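An overview of the molecular structure
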Amino acid sequence: MTTELEIGLYIFMLAAFLGYHVISRVPPLLHTPLMSATNAIAGISLVGSVVVAGANYGPFSTLLGFIAVTCSATNVVGGFLITDRMLKMFKTAEDQNAPRRGFEFDPKMLLALPVLVVGLLVVLYVYEEIREDAVHFVREVLPTQALRYFYILSAAFFILGLKGLSSPKYARKGMFGAECGMLMAVVGTLFHHEIVTYQWIIIGFIIGSIVGGAMGLKIPMTAVPQRTALSHSLGALAACLVGVSEYFRHHGALSRVVMTPLGFEVVVGGLTFTGSLMAAAKLQGLLPGHPITYKGQNIFNIGLLALMAGSLIYMIIVPTGGMLFYVMVGLAFVFGFLLVIPIGAADMPVVIALLNSYGGLADAAMGFVLMNKIQIITGSLDGTSGFLLSLLMCKAMNRSALNVLFGAFGKVEKETTDRQAEAKGAVRSISPEEVTVLLDNVRSVVIVPGYGMAVAQAQHGVAELAKLLMKRGINVKYAIHPVAGRMPGHMNVLLAEANVPYDQLYTMEQINPYFAEADIALVVGANDVTNPAAKNNRSSPLYGMPILEVDRAKSIIVLKRSLRPGFSGVDNDLYYDPKCMMLFGDAKESLNKLFAALKS
């Protein structure tokens, strides 16, 4: 006879297979909204958190459930809001010129979802106090009849929502379906027969909705990577806390079948929590972007990982290990911290994607512990999404995942860099007025944005310059490298925010054949992704990495503050090319000067 565990494994594998085929069809243009959307969907940990917070498992479990509800609600509300903000910006030139007509969806309307859930919670809470018969009906009849169908429908909505991300045209409609799926899953869980009080659920949901709503509506697009990393941390913490609660309330009296996913849940959830916090701190500039290393670091980290794995195996064999369980959780928190600290900012796109995958796996493990099928499905979808994106990012950098995690890439001595720069010769500089002379007789320009553009918040200046050039009859294209910036697809979102039509954005494979025909390649803040050393210098750490071949353009203009290396710490050979001219200064200010010179 088929057991619940076997059914769960079948569901996990089928969801992963389906997720692979759905998510692999999402274009690079929408990779950032994809990660944000899967983050929001991974907030399905709210389902398990609600049960723990509302059931009478004891004060400690209720406290952990309350915190988990708050974290999960923050993920759900904030994730869907910021995803809709991003998707709303993706338009073609035809869409931008078309007159507005009819009803347009406003992301602020999504705040009605948590309001609706809170309203339902209040009604249930009041009804519970007044009518015992009603409570019996809600707890005994509805769960057995309605809950299973709510979960089936919500799973279908989640898959269709991710399917909608295969095209910007249908992406917002798909996300609206995913939001409906989340609402159905949460509402269905409120009828769970083990929930006896809604007080802490209401408070946690209100706090999480306020925090998530503020993050989703107010955070600028330049800060999306750190918000995503913070979202990973909250979702992972919720999964970890629910796992700790389950172990605590059973006093370790669990079968090996349950202890296996529970141990995996708390370990992966714990390391993802602290690892994501460290990633967010690096992205925000609170920690140095370069790798922080010490002697014997990799050996120590591998030893710590082996100790965690040994503890997990022992807990599976002897679930009543007691104190060892909490030591294992503490080691997971420490390991997450040590895992991300030695990783440089150049590898943040891969790290963000991997953490996304870890968070999804922790949610899936929670589903196995609670035997909740919808959590298994969504956790599998989230894990698949992060894993696929991390593989794509590694391929785009010609690096392995092990090298990203343990290679300390980007730690280059300043003296070595200075000596290399001196050996390569002089750099040509140019003024905004001289750039206007060059632009007078050109027919095609390829704009190459990088993270320097995001830091300077110069995307609007880039868009205005492109519009002015197009009015002069110049053909303008944008070249987007897969790992330009700190997150997969981040450059696409920033340019969409500046009203750049997405049909003008070209991937690396699409644009490289055009560089030889381009009169000017205008590089705005991009560094490592344009370095010819990746093609020509076998001794370079970047060798073998696919790059945007801007060195093939007839002329190259680079907008940059200085000659400092990029995230990799490797000096850029492009700057010493005779065809290359450097327009030094803040990208936003340089663009404003260039724009003014062109208009005059």
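None of the values given here were measured: they were computed from a predicted structure.

Side note on the overall build of the protein chain
When its secondary structure is counted, the protein chain shows 24 helices and 6 strands. Taken across its 600 residues, the protein chain has 58% of its residues classed as buried. Here the contacts in the protein chain between residues at least 6 apart in sequence split such that 83% fall between residues at least 24 apart.

What to know about the nonpolar core
By size, the foremost hydrophobic cluster in this structure holds 105 residues, and its most contacted members are Leu165, Val445, Ile447 and Tyr478. Counting residues in hydrophobic clusters, the runner-up holds 38 residues, among them Val52, Phe335, Leu339 and Val369.

Thoughts on the packing of aromatic side chains
Scanning the model with the defined rule gives 8 aromatic pairs in all. Plain terms: the ring middles of phenylalanine 12 and phenylalanine 368 are 6.2 Å apart, the flat faces sit at 55° to each other, and that makes the pair tilted. One end of the pair, phenylalanine 12, is in helix α1 (residues 4–23); the other, phenylalanine 368, is in helix α14 (residues 348–370), with 356 residues separating them in the sequence. Residue phenylalanine 12 is classed as partly exposed on the basis of its relative accessible area, which comes to 24%. Clustering of aromatic rings is evident, with ring pairs tying together Tyr247, Phe325 and Tyr326. If you follow arginine 249 out to its NZ or CZ, it ends over the ring of tyrosine 57, 3.7 Å from the centre.

Here's the deal with unusual backbone geometry
The residue methionine 371 is not glycine, and still its phi comes out positive at about 50°. In this structure, methionine 371 sits in the loop between α14 and α15 (373–397). In the Ramachandran plot, asparagine 499 falls in the positive-phi region, its phi being about 65° despite a non-glycine side chain. Here asparagine 499 lies in the loop between α21 (490–497) and β3 (505–507).

Some words on the packing of helix α10 (residues 224–250) against helix α13 (residues 323–340)
Two elements in contact, α10 and α13, have axes whose closest approach is 11 Å; the angle formed by their N-to-C orientations is 170°. In terms of orientation, α10 lies roughly antiparallel with respect to α13. Along the contact surface, α10 presents Cys240, Gly243, Val244, Tyr247 and Phe248, while α13 presents Phe325, Tyr326, Val329 and Phe333. Along the lines of polarity and charge, the residues of the contact of α10 with α13 split into 8 nonpolar, 1 polar and no charged.

Reading the values: rules and limits
- Residues numbered from 1 in each chain as written.
- Predicted model: local features only at pLDDT ≥ 70, side-chain atom pairs only at ≥ 80, totals over all residues.
- Heavy atoms only, no water.
- Helix = DSSP H or I, 4+ residues; strand = E, 2+ residues; numbered from the N terminus.
- Buried < 20%, exposed > 50% of the residue type's maximum accessible area, 1.4 Å probe, protein only.
- Contact = heavy atoms within 4.5 Å.
- Core = buried A, V, L, I, M, F, W, Y, C linked by side-chain atoms within 4.5 Å.
- Phe/Tyr/Trp six-rings, centres within 6.5 Å; stacked < 30°, edge-to-face > 60°.
- Lys NZ or Arg CZ within 6 Å of the ring centre and 35° of its normal.
- Axes fitted to C-alpha atoms, helices over the stretch in contact; angles between N-to-C directions.
- Parallel < 35°, antiparallel > 145°, perpendicular 65-115°, else oblique.
- Nonpolar A, V, L, I, M, F, W, Y, C, P; charged D, E, K, R; others polar.

None of this, on its own, says anything about what the molecule does.
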